[in-house]
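# Commentary on secondary and tertiary structure
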Amino acid sequence: MAKLNDPIQLAVIGAAHGTRGEVRVKTFTGDPNALADYGPLYDVTGRAFEVLDIRPAKNVVVVRFRGVNDRNMAEALNGTTLFIDRSQLPQDLDEDEYYHSDLIGLEAIDAEGNRHGKVSAMFDFGGGDLLELTIPGKRPMLIPFTMRAVPHVDLKAGHIIIDPAAAGLVPDENEDEERRRQLGGEDGGKKQS
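Residues numbered from 1 in each chain as written. Predicted model: local features only at pLDDT ≥ 70, side-chain atom pairs only at ≥ 80, totals over all residues. Heavy atoms only, no water.

A few words now on the nonpolar core. Of all hydrophobic cores here, the largest spans 22 residues; its most connected members are I13, V25, L41, V63 and F65. Those elements that provide at least two residues to this core are β1 (7-17), β2 (22-27), β5 (51-57), β6 (60-65) and β7 (81-85). Take this core: its biggest share by element is five residues, from β1. When neighbours within four sequence positions are excluded, V25 is seen to be in contact with A11, V12, I13, G14, L35, V60, V61, V63 and F65. Core analysis: the next-biggest nonpolar cluster, separate from the first, contains 15 residues, L103, M122, L131 and I160 among them. (Core = buried A, V, L, I, M, F, W, Y, C linked by side-chain atoms within 4.5 Å. Buried < 20%, exposed > 50% of the residue type's maximum accessible area, 1.4 Å probe, protein only. Helix = DSSP H or I, 4+ residues; strand = E, 2+ residues; numbered from the N terminus. Contact = heavy atoms within 4.5 Å.)

Okay, structure coming up:
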């Protein structure tokens with residue numbers, strides 16, 4: 001059993017698939033089929049999982065792990081999270097590429113230095129990556145992780161620079177004016193008495 005120094009979650013095992021021990025796996029890798037390229041995967045107890053076969057299936061991959069030979073064994077793995085050690089990840093990323101785990105905890109500030117919270121999570125619900133920003137005592141907010149909304153990431157300084165209007169945190173003046181026109185004039189369509 002391996003103890004990971006800096007665990008990074010790569011996948012979570014879902015339901016069994018078929019009768020030969022295959023499982024459906026949701027990956028958090030750029031290329032879901034590359035899951036096996038990282039070497040052995042580990043669960044929270046340190047148990048190793050070696051990928052023997054992997055193939056795409058809709059929005060998951062179907063995986064056969066060494067030692068998982070029937071449906072009962074596969075069903076027992078449902079919900080198991082799989083990790084690798086940070087040292088197993090490639091370190092030669094492009095300038096605008098980041099590991100999700102590197103963004104968690106960064107302070108979100110705008111160009112004027114105003115604080116908008118800390119990055120607490122990343123999500124992708126199908127429309128692109130979203131950053132969750134949290135401020136103690138307030139509800140979390142989601143902003144798009146795009147060049148327009150987040151024009152600069154500085155891992156060394158521990159912050160991201162955001163454009164609050166592009167991130168949807170403040171009303172856009174042009175949108176407000178257009179909305180008033182749609183509602184019937186400057187007063188929003190309300191009759192004055």
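This part takes up the sheet that holds strand β8 (residues 107-110). Strand order in the open sheet made by the six strands is β11-β10-β9-β8-β13-β12, with mixed pairing throughout. Where the open sheet ends on each side, the last strands, each with one partner, are β11 (141-144) and β12 (152-154). Shown here is a sheet whose adjacent strand axes are inclined to one another by a mean of 35°, direction ignored. Pairing geometry for strand β10 (residues 129-134) and β11, over four bridges, is antiparallel. Bridge pairing in β11 places L131 opposite I143. (Pairing = 2+ DSSP bridges. Axes fitted to C-alpha atoms, helices over the stretch in contact; angles between N-to-C directions.)

Within the secondary structure, I104 sits in the loop between α2 (100-103) and β8. Take I104: its relative accessible area is 39%, and that puts it in the partly exposed class. C-alpha of I104 to C-alpha of V119: the two residues are 15 residues apart in sequence and 5.1 Å apart in space. Beyond its immediate stretch of four places on either side in the chain, I104 contacts V119, S120, A121 and M122.

In this sheet, β10 lies alongside strand β9 (residues 115-124) in antiparallel orientation, the contact comprising six bridges. Residue pairing across strands places V119 opposite L133, the latter belonging to β10. Counting the residues in the hairpin turn of β9 and β10 gives four residues, including G126, whose phi is positive at 110°. From the end of β10 to the start of β11, which pair antiparallel, there are six residues, and G137 there has a positive phi angle of about 85°.

Together, D92, D94, E95, D96 and E97 make up a region of like negative charge exposed at the surface. Within the secondary structure, D94 sits in the loop between β7 and α2. (Patch = residues over 30% accessible without salt bridge, like charges linked within 9 Å, V, L, I, M, F, W, Y side chains within 5 Å. Areas by Shrake-Rupley, 256 points an atom, 1.4 Å probe, with all protein chains shown as cover. Salt bridge = Lys/Arg side-chain N within 4 Å of Asp/Glu carboxyl O. Lys, Arg positive; Asp, Glu negative; His and termini not counted. Charge placed at Lys NZ, Arg CZ, Asp CG, Glu CD.)

Glancing now at the pattern of salt bridges. The full count for this structure, using the stated rule, is five salt bridges. A salt bridge links R66 to E50; the nearest nitrogen and oxygen atoms lie 2.8 Å apart. With R66 in the loop between β6 and α1 (71-76) and E50 in the loop between β4 (48-49) and β5, this pair connects stretches of sequence that are 16 residues apart. Under the relative-accessibility criterion, E50 is labelled partly exposed at 38%.

Among the secondary structure elements, T29 is positioned in the loop between β2 and β3 (41-42). There is a polar contact of 3.0 Å between the side chain of T29 and the backbone oxygen of D31. When neighbours within four sequence positions are excluded, T29 is seen to be in contact with L10, L35 and Y38. (Polar contact = N/O pair within 3.5 Å; in protein donor to acceptor, adjacent residues only side chain to side chain.)

Side-chain alternation along β8 places E107 and I109 on one buried face and A108 and D110 on a second face that is also buried. Pairing analysis gives two bridges linking β8 to β9, with the strands arranged antiparallel. If you follow I109 over to β9, its bridge partner there is R115. What sits between the antiparallel neighbours β8 and β9 is a turn of four residues, in which G113 has the positive phi angle 90°. Judged from the four bridges that link them, β8 and strand β13 (residues 159-162) form a sheet pairing that is parallel. If you follow E107 over to β13, its bridge partner there is H159.

Geometric values such as these leave the question of function open.
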